[in-house]
Amino acid sequence: MVEVSKMIINRTFFLFFIAVAMSWSTAFAEEHFSESPPGAKAYIISPKDGEVVGKTFTVRFGLVNMGVAPAGVKVPNTGHHHLLIDLKTLPDMGKPLVFSENVRHFGGGQTETEITLAPGKHTLRLLLGNYVHIPHKPPVLSEKITITVKDQ
Ligand SMILES: [Cu+2]
């Protein structure tokens, strides 16, 4: 009995914690979102859509009508790049972007990167995030490109 009630308390506490965390992150995002100016656009300069590349290749990030600033730096009309690799579903645009193998952050303000991918087809897409990694309103998201990594 003691064990069961302990579990119920733990579960209640856990759910409460989740609810607090969710409302906190929504409130946080609302307080920290940034607007993107008209005409803002992110695009992948290279590789090109449909290109065949070697295992290790350079991705160059393009940005129109906005500037690049490192994460943590709050300057209007700026952000830092995120490279979405093989991401099937777009992330929640109202929250800070998570760090993962599929969502790479370039918080140093980088405008290109060298990546290594397994042979085969891959998709790449850019998404700008603001100083706290939240996508802008409206989101500055590039077209999705598909590339083929050579088996060599
Ligand atoms: Cu970021």
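Up top is the structure these notes are about.
What you see is a predicted model; the values in this text were computed from it and never measured.

Colleague: Help me out: how do you make sense of unusual backbone geometry in this one?
Modeller: With glycine set apart, most residues show a phi of negative sign, and most peptide bonds adopt trans. Cis geometry marks the peptide bond from Ser46 to Pro47; its omega dihedral reads 0°. Within the secondary structure, Pro47 sits in the loop between strand S1 (41–46) and strand S2 (52–53). Note that the residue after Lys137, namely Pro138, is joined by a cis bond; omega there is -15°. The phi dihedral of Asp86 falls on the positive side, at around 50°, and the residue is not glycine. Tracing the chain through its elements places Asp86 in the loop between strand S5 (78–85) and strand S6 (103–105). Accessibility expressed as a C-beta count within 10 Å gives 14 for Asp86, which makes it partly exposed.

Colleague: Whenever I open this one, the sheet that holds strand S3 (residues 56–64) confuses me. Can you help?
Modeller: Two strands in a sheet stick together by hydrogen bonds in their backbones, pointing the same way (parallel) or opposite ways (antiparallel). Across the sheet, which stays open at both edges, the three strands sit in the order S1-S3-S7 with antiparallel pairing between neighbours. Bordering the open sheet on either side are S1 and strand S7 (112–116), each of which pairs with just one other strand. Strand-to-strand twist across the sheet, computed as the mean angle between neighbouring axes with direction ignored, equals 30°. The sheet contact formed by S3 and S7 spans five bridges and is antiparallel. Residue pairing in the sheet places Arg60 in a bridge with Glu112 of S7.

Colleague: Just to check I follow, could you spell out the nonpolar core for this structure?
Modeller: It is characteristic of soluble globular proteins that their nonpolar side chains tend to be buried jointly. One finds Ala42 and Leu126 to be the most contacted residues of the largest nonpolar core, which totals 16 residues. For this core, the secondary-structure elements that each account for two or more residues are S1, S3, S5, strand S8 (120–129) and strand S9 (145–149). No other element matches the four residues that S8 contributes to this core. Setting aside its immediate chain neighbours within four residues, Ala42 contacts Gly62, Leu63, Leu126, Leu128, Val140, Leu141 and Ser142.

Colleague: Is there a simple way to explain the environment of Arg104 in this structure?
Modeller: Position of Arg104 relative to the elements: it lies in strand S6. For the pair Arg104 and Ile85, spaced 19 residues apart in sequence, the C-alpha separation works out to 7.9 Å. When residues no more than four places from it in sequence are discounted, the contact partners of Arg104 are His82, Leu83 and Ile85.

Colleague: When you look at the pairing of S8 in this model, what are you seeing that I'm missing?
Modeller: A regular strand places its side chains on the two faces of the sheet in alternate fashion. Direction of pairing for S5 relative to S8: antiparallel, over a ladder of six bridges. Bridge pairing in S8 links His80 to Gly129. Here S8 runs beside S9; their pairing, made up of five bridges, is antiparallel. From the neighbouring strand, Gly120 faces S9, where its bridge partner is Val149.

Colleague: Would you explain the environment of Gly54 in this entry?
Modeller: Relative to the assigned elements, Gly54 resides in the loop between S2 and S3. What makes Gly54 exposed here is the crowd of 11 C-beta atoms within 10 Å. Sequence spacing of Gly54 and Thr116 is 62 residues, and the spatial spacing of their C-alpha atoms is 8.5 Å. Setting aside anything within four residues of it in sequence, one finds Gly54 in contact with Lys150 and Gln152.

Cut-offs applied
- Residues numbered from 1 in each chain as written.
- Predicted model: local features only at pLDDT ≥ 70, side-chain atom pairs only at ≥ 80, totals over all residues.
- Helix = DSSP H or I, 4+ residues; strand = E, 2+ residues; numbered from the N terminus.
- Buried ≥ 20, exposed ≤ 12 C-beta atoms within 10 Å, placed from the backbone.
- Pairing = 2+ DSSP bridges.
- Axes fitted to C-alpha atoms, helices over the stretch in contact; angles between N-to-C directions.
- Core = buried A, V, L, I, M, F, W, Y, C linked by C-beta atoms within 7 Å.
- Contact = placed C-beta atoms within 7 Å.

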